[in-house]
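Architecture and fold: a report
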Amino acid sequence: MIEQQTSASATTGPLDVFRPARHFVGIDVLRIAAALGVLLFHLHGAGGWPDFAWELPTFLLQGAWVGVDVFFVISGTVVGQAALRLWRSAKPSRYAFLRSRWWRIAPLYLLTSIVYVAFFHESLLVGADWLLQVSVHVLFIHNWFPSTIFSINPPTWSLASEMQLYVLLALSAPIIVRASPMRVALGVLMVAMGWRSLSLIACHHFDASNLASCAQHFAYLTPGMLDSFGLGLALILLREQRAFGNPKPSTSDALNLDWKRVVVLLGGSALCLGTGAFVFRDVVAGTIWESPVWAVSFRSLIALGAALVVWALLDLRLGVRASQRARHWGNLSYGIYLWHWIVILAWLAVTDIRGLPMLCSVVFLTWLLSELTWRAFERPLQRWRSGRSTN
C-alpha cells in the first residue's frame, strides 16, 4: 500500500532491484494526501470535524475514504516497477521480492497491532477464537473472514489485500513483463467487476437478508481490489514503453506540472472524491446495493480516477528542499495510516472534546507517533537490513 521509495544507487547493490528507477516526488505528495484523507474521514465519523456553513468541504471529506484506493494504485505503480525490474535482472527471485515486501510492510503493522490489542482489545487474546485471530493477522489473510477483517486495528484490512496482491504479482511477473498496458488494464477491470458481479449474485441468492454486509465483505477481498492495483501496474508499463508523453529529464527545480496534467489531476480527483462521497451517502441511506450496475462499477470508477491522479503526478518535480520535505512526509504516510485509528480511539476514551480541537489534536498526535516510529523503528530497521544485505 504505502511504499518506501529510494533513489537508485550509483552502483548496484543487493537491494537495488527492489527500488524504483528514480524517485517519484509526486507520489510522495500523493501518499501523504491520501493518508491524511483517510484520517480526516475517520475523524468525521468520530465527531472530530467542525460544522461548516458551506457544504462542499463536508461533501468532499465524505469521499476521502478513497485514499485507500489511491494507495493501491500507488502500490501497483511503485512496487510493480520494482517487481518488473527484478524479473528482468540476471537473478530473478520471487522469494527475494516477497521477503522485501514483508520487511517493508510487516514490522510497523505488527507493532501497531500489538498496541491496539494491548490497549483496546485485550479480551481478544482470551476469546475462544484467539488462535484464529492471531494466525490470520500474522499471515495477512484476516480479510478472508468477517470475524477477523476489522478485529485488530480496522484500517489494516487493506494490508492483507496488498500482501496477497504482491504474491499474485510475483507469480504473474513473467507474463506481465511481456503484456501490453492496455491488456493489463482491461484484464484487471474485467476480473474485479466480474468478481463483484458474481459476489452480488451469490449474496442475493444465499444471504439476501444480510445483503449489505455480505456484499461489502466480498468487495473487500483481494479480487475486488485488483482493478486499483492493476491500473497502477498498467501505468508503469505505459511509462516504461513511453506510450504517453513524459517530460524529458531536466535538472531544473521548476515545477513541471503543465496545464494538461493539471486538467487530468483535477478531473481524476473529482472522479475519485465525487464517486466516494456519493457512495458514502448511499451506504448511509442503505441503498448502495439496490442498483447492481452502481454496486459493481463504483470501485472501478474510483480506481480510474486514482490512476489519473497518479499519472498526473508521476513526473512532478519540485525544488530540492520541497522534494526533501515531500519525501519525508511520504515516509511518514504509512505510520499515519496505521496509527490514526489508535489515536482516535484513545482520544474518544479519555475526553469528550470534539470538533476542531479534536481534529487538531488527533492530527498532531498521529503525526508525532508516525515521526517517532519512523526515526526510532522503521528507518533503523531498514538500515540494519540494508547493511546485512551488503555484507
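As the structure is a prediction and not an experimental result, all values here were calculated from the model. (Residues numbered from 1 in each chain as written. Predicted model: local features only at pLDDT ≥ 70, side-chain atom pairs only at ≥ 80, totals over all residues. Heavy atoms only, no water.)

1. A few points about the overall build of the chain
In plain terms, the rule: By the criteria applied, helices consist of DSSP H or I runs no shorter than four residues and strands consist of E runs no shorter than two, each listed in order from the N terminus. Note on contacts: a residue pair qualifies if any of its non-hydrogen atoms lie within 4.5 Å across the two residues. Only the protein chains shown count as cover for residues, and the accessible areas themselves come from Shrake-Rupley with a 1.4 Å probe.
For the chain, the count of helices and strands is 13 helices and zero strands. In the chain, the succession of α and β elements from N to C terminus is α-α-α-α-α-α-α-α-α-α-α-α-α. Considering only contacts within the chain whose residues lie at least 6 apart along the sequence, 79% involve residues at least 24 apart. Just so you have it, the chain exposes about 18,000 Å², and 68% of that area is on carbon and sulfur atoms.

2. With respect to unusual backbone geometry
Where we set the bar: Burial status follows relative accessibility: with a 1.4 Å probe on protein chains alone, a residue under 20% of its type maximum counts as buried, one over 50% as exposed, and anything between as partly exposed.
Its identity is not glycine, yet F140 carries a phi of approximately 60°, on the positive side. Note that F140 resides in the loop between α5 (130-138) and α6 (157-176). Overall, F140 belongs to the buried group, its relative accessible area being 4%. Residues other than glycine seldom take positive phi values, yet N153 does so here, at roughly 45°. Looking at where N153 falls in the secondary structure, it is placed in the loop between α5 and α6.

3. Focus: the pattern of salt bridges
What counts, and what does not: A carboxyl oxygen of Asp or Glu within 4 Å of a side-chain nitrogen of Lys or Arg is what we treat as a salt bridge.
As enumerated under the stated definition, the model contains seven salt bridges in all. A salt bridge links R104 to E378, with the nearest nitrogen and oxygen atoms 3.2 Å apart. With R104 in helix α4 (residues 94-120) and E378 in helix α13 (residues 356-390), the pair connects residues that are 274 residues apart, well separated along the chain. Each member of the pair R104 and E378 is classed as buried. Residues D227 and R196 are paired through a salt bridge, measuring 2.9 Å at the closest nitrogen-oxygen approach.

4. Overview of the packing of helix α3 (residues 67-88) against helix α11 (residues 292-313)
Condition: Fitted lines through C-alpha atoms give the axes, limited to the stretch in contact for helices. The angle between two N-to-C directions lies from 0 to 180 degrees. By definition in this entry, angles of less than 35 degrees are roughly parallel, angles greater than 145 are roughly antiparallel, angles of 65 to 115 are roughly perpendicular, and the rest are oblique. Left-handed is the label given to a crossing in which the near helix is rotated counterclockwise from the far helix by less than a right angle, and right-handed is the label when the rotation is clockwise. Throughout this entry, Asp, Glu, Lys and Arg are counted as charged residues, while Ala, Val, Leu, Ile, Met, Phe, Trp, Tyr, Cys and Pro are counted as nonpolar. The remaining residues, Gly among them, count as polar.
Where α3 contacts α11, the axes come no closer than 9 Å and their chain directions differ by 55°. Relative to α11, α3 is oriented oblique. The handedness of the crossing between α3 and α11 is right-handed. Across from D69, V70, V73, I74 and T77 in α3, the residues of α11 making contact are R299, I302, A303, A306, A307 and V310. Classifying every residue of the contact of α3 with α11 by side-chain character gives eight nonpolar, one polar and two charged.

5. So, a nonpolar patch on the surface
For clarity, the threshold we go by: Patch construction takes residues with relative accessible area above 30% that form no salt bridge. Like charges are linked within 9 Å, and nonpolar side chains (Val, Leu, Ile, Met, Phe, Trp, Tyr) are linked within 5 Å.
The grouping of L125, V126, W130, L131, V134, V138 and L139 at the surface amounts to a nonpolar patch, some 690 Å² of accessible area in total. Mapped onto the fold, V134 is located in helix α5.

6. Structural notes on the nonpolar core
Applicable threshold: In plain words, nonpolar cores are sets of buried Ala, Val, Leu, Ile, Met, Phe, Trp, Tyr and Cys residues tied together by side-chain atoms within 4.5 Å.
Counting residues in hydrophobic clusters, the biggest one holds 100 residues, and the most contacted among them are I74, F97, L169, V310 and V362. For this core, the leading source of residues is α11, giving twelve residues. Contact partners of V310, with chain neighbours within four places excluded, come to I27, L30, V73, I74, T77 and L235.

So far we have only geometry, and geometry alone does not tell us how the molecule works.
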